[in-house]
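# Observations on chain architecture
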Amino acid sequence: MTSFKEENLLVHGTSFRTSPLDVREALALKKSEDEKLLYKIKTLLGVDECVILSTCNRVEFIIYREHPEEIINGIIKINEERSGIPLEKSYFYNFFGKPAIKHIFRVTSSLDSMVLGEPQITGQVKSAYESSLKNGFIGKNLRKVFERAFFVAKRVRNETAIGENPNSISSQAVELAESIFGDLSKRKAIVIGTGEMGEIAIKSFLARGIFKIYITSRTIERAQELCSLYSGEVLPFKDLYRGLEEVDIVLCSSAAPHYLITKNDVKNVMKKRKGNPLFFIDISLPRNIEPEVGEVENVYLYHIDDLQQIVDKNIKKRREEAIKSEKIVEEEVERFFQRVEEEKIGPLLARVYETADSIRRRELEELFKMLGNIPEHQKKAIEDFSVNVIKKILHKPVIKVKEMTRNGDSSVVETFFFLFGESDEIESGNPRK
Amino acid sequence: MKFFILGLYGTALLFYLLHLFFNWKVFLKIGFMFLCLGFLTHTSKFLAGINSPSTFPVYYMGGVMSFFSILLGGVFIAYQIRGIVPVLGYITVPVILLFYIASISLPQQAVFRQELMTVLFPLHATFSMIGYVFFFLSFATALFYILQEKNIKLKISRWNLKRIPSLVELDSMNYRTVQLGFTFITLGMLTGSIWSERLWGSLWNWDPKEVLTLLVWLLYASYLHLRLIAGWKGRKTAILSVIGFILVLVAFFGRKLIPGGYHDFF
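Residues numbered from 1 in each chain as written. Chains lettered and ligands numbered in written order. Predicted model: local features only at pLDDT ≥ 70, side-chain atom pairs only at ≥ 80, totals over all residues.

The subject of this paragraph is the overall build of chain A. Scanning chain A from N- to C-terminus turns up 15 helices and 10 strands. Viewed in the frame of its principal axes, chain A has a C-alpha envelope of about 110 × 55 × 35 Å. Residue pairs in contact within chain A that sit at least 24 positions apart in sequence constitute 71% of those at least 6 positions apart. (Helix = DSSP H or I, 4+ residues; strand = E, 2+ residues; numbered from the N terminus. Contact = placed C-beta atoms within 7 Å.)

Given below as structure tokens:
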């Protein structure tokens, strides 16, 4: 039985930290390409255990194989072929052993994400792992690594507040909308203006299942284009006030040099809305919604600066939480290797017990022969006695040797097994020497 | 037995408070479990003592407190099972415990009164108290509404906004509880009138408690009216239901301060 060897683990990848977007785009897995690529890596490079993680911010190959350093150039070559662009070595990072484990744990826990603590990455790692599992590319080594990684991600999520507060303007706006309306699936929104920020906000609201989005703009073509992209509906600019009566959320990102909506407009609209709340988000500069609009009963107005302030606070909080999270990861990396070490000596310890037990049985047999006919209950008592003696003699040394293993004190561990005649096993079993 | 129930309610409160400060779901679950246990034990003890209208313990303050704590517990548990606003527990569970403590420290002795021995009286008391329970819940939702509204309007987020239900949910729960409270208090007043008519021959006696309850009724009636006709919603109605509940408290306890009338058993 071979155990996990840390030098066999390789993470070869590229992320937003090391390569430009177009390179990552070219490298990203196309739909259902993963299976083909996994088999290619297997047949060309002799890899049995492999996970390919591909997101818009990173593409990584996590491989368990003997001498993984030998195949790095091979992977780059395969990637050059499938992406069709020349790849520089500097785009890629390679982690082996302990740093590789740490990297996998950090990525899965969203500590290496562009947006610190964003929740999607854990799911993305999970589906990458499941795809490999389905295709038979997960052995007991990568299983051990990934199952632990998911556990670590869960711990980080439960024990820190890293994912709790939104850290972008659009997600903060969505969260505020949810604090007002709850479930957004029956809510409608108007987006005024067709700027880039507006588009990002449309995406965030759609992601939370908003019922309907109207888009209004003075340039009707752009509005139509956005509508066809996000299945919205064009609202002619002259109908804006009629729209205000119907929708719940108004997002303004236009470039008008003056107020488009004033307090008086909103007061009139609110009379027709029967007091139903209305949420304005003004992300235009200069303001397009009169600040006093926020004073109207049941009307809430957030300007981009208000949102930015909350987001800044949240980001600060996230950084503090990230420090806690890194500690958890460090702890878990150590624990992972302790477990590996413990598992390594497991079979050896079993052999020590076996040897001791066979000696005991041999001696017992001779003893019974010598004693001749003795009552069954006495036989039983003697047998129990012998078992207990062995257990008690071995108990303390075994505890100690497990402890030494955890502390990485391999010389004592070797001596222990040497004394019990199992010394040649440990040398091939301990990679850290 | 007393202290056993007290312990269950107390433990429930402890876990609700732990949930308030640490926000771990498991605390909420444990707290809810203890609350249910407390409620069941308390209810069975309460019911065990009843075998006729005259033993229904609503003739003295201790019994009324105990009954209120049971009703509030029951309604709150029903709400929480339906998954509605567990944070309401931060306000409700302390009140359940408080009323239970009051009930065991106040006199338990029933004053035997011949005229009360009819099934109408316990009915009148039960309807009225269910009404009070819903008014309390509307008060609690209104408090959260006002807090959350202030947070959003003034753009301060001292609390994690997500932990409090959304304004729309709080507002609609406030509306529903007022509707229910109003229905039950109306039933309570009707049964009370019929009972009084049978005893004294008149439906209405201008007794101080009757007058106070009428004020309560009028206030919640105007809440419903303003909501339906004038389109009042949100903060205004939340404030109304806070005022309404203060009036309920006056009608419930303040009666002691005004002499006279025949509601003199509590």
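In this section: the domain arrangement of chain B. All names here are of chain B. Domain annotation of chain B identifies domain 1 (1-115) and domain 2 (118-266). Listed as interface residues are 22 residues of domain 1 and, on the opposing side, 22 residues of domain 2. For the side of domain 1 that touches domain 2, the secondary-structure elements that each account for two or more residues are helix H3 (61-81) and helix H4 (89-105). Broken down by element, the side of domain 1 that touches domain 2 gets its largest block of residues, 7 residues, from H3. (Domains from an automatic or database assignment.)

Okay, the environment of A:Glu164 next. Residues and elements named next belong to chain A. Mapped onto the fold, glutamate 164 is located in the loop between helix H6 (140-159) and helix H7 (169-181). Residue glutamate 164 is classed as partly exposed on the basis of its 15 C-beta neighbours within 10 Å. Sequence spacing of glutamate 164 and asparagine 314 is 150 residues, and the spatial spacing of their C-alpha atoms is 8.7 Å. (Buried ≥ 20, exposed ≤ 12 C-beta atoms within 10 Å, placed from the backbone.)

Residue and element names in this part refer to chain A. Within the open sheet, the 4 strands sit side by side as E2-E3-E1-E4. Their pairing is antiparallel. The sheet is open, and its two edges are formed by strand E2 (49-54) and strand E4 (93-96), each paired on a single side. Between one strand axis and the next, the sheet turns through 15 degrees on average, direction left out of account. Relative to strand E3 (residues 58-64), E2 runs antiparallel, the two being bridged by 6 bridges. Looking across to E3, one finds that glutamate 49 is bridged to tyrosine 64. Contacts from helix H4 (residues 97-108) reach strand E1 (9-15), E3 and E4 within the one sheet, and its direction differs from that of E1 by about 50 degrees. (Pairing = 2+ DSSP bridges. Axes fitted to C-alpha atoms, helices over the stretch in contact; angles between N-to-C directions.)

Residue and element names in this part refer to chain A. Most of E1 sits out of view: 6 of its 7 residues are buried. Summarising the sheet, E1 and E3 pair through 7 bridges and their orientation is antiparallel. For serine 15, the partnering residue across the bridge sits in E3 and is arginine 58. By the bridge criterion, 4 bridges tie E1 to E4 in an arrangement that is antiparallel. Residue glycine 13 lies in a different strand from E4, and its bridge partner there is tyrosine 93.

Here the focus is the interface of chain B and chain A. Each partner contributes residues to the interface: chain B has 17 residues there, and chain A has 18 residues. The set of elements that each furnish at least two residues to the side of chain B that touches chain A consists of helix H5 (120-153) and helix H6 (167-200) of chain B. Residues belonging to the side of chain B that touches chain A are distributed by class as follows: 6 nonpolar, 6 polar and 5 charged. (Nonpolar A, V, L, I, M, F, W, Y, C, P; charged D, E, K, R; others polar.)

Now for the nonpolar core. One finds A:Val250 and A:Phe280 to be the most contacted residues of the largest nonpolar core, which totals 110 residues. Among the elements that line this core, the one with the most residues is H5(B), at 17 residues. Setting aside its immediate chain neighbours within four residues, A:Val250 contacts A:Ile190, A:Ile192, A:Leu244, A:Leu278 and A:Phe280. By size, the runner-up hydrophobic cluster in this structure holds 39 residues, among which are A:Tyr64, A:Leu111, A:Tyr129 and A:Val329. (Core = buried A, V, L, I, M, F, W, Y, C linked by C-beta atoms within 7 Å.)

We now examine the confidence of the model for chain B. A residue-level look at chain B finds 87% of positions with pLDDT of 70 or above and a mean pLDDT of 84. The ipTM for the predicted assembly is 0.82, set against a pTM of 0.71. (pLDDT = per-residue confidence, 0-100.)

With that settled, the discussion passes to the pairing of E3(A). All names here are of chain A. By the criterion of burial, E3 is predominantly enclosed, with 7 of the 7 residues buried. Going residue by residue along E3, you find Arg58, Glu60, Ile62 and Tyr64 tucked away on one face and Val59, Phe61 and Ile63 tucked away on the opposite face as well. The turn linking E2 back onto E3 is made up of 3 residues.

Here chain A shows a mean pLDDT of 85. Residues at 70 or above account for 97%. Taken as a whole, residues 426-433 of chain A scores under 50 in pLDDT and shows 14 contacts with residues more than four places along the chain or in a different chain.

We now examine unusual backbone geometry. All names here are of chain A. Backbone geometry places serine 110, a non-glycine residue, at a positive phi of 65 degrees. Among the secondary structure elements, serine 110 is positioned in the loop between H4 and helix H5 (120-134). Overall, the presence of 24 C-beta atoms within 10 Å leaves serine 110 in the buried class. For asparagine 298, which is not glycine, the phi dihedral falls at a positive 65 degrees. Mapping asparagine 298 onto the fold places it in the loop between strand E9 (278-282) and strand E10 (299-303).

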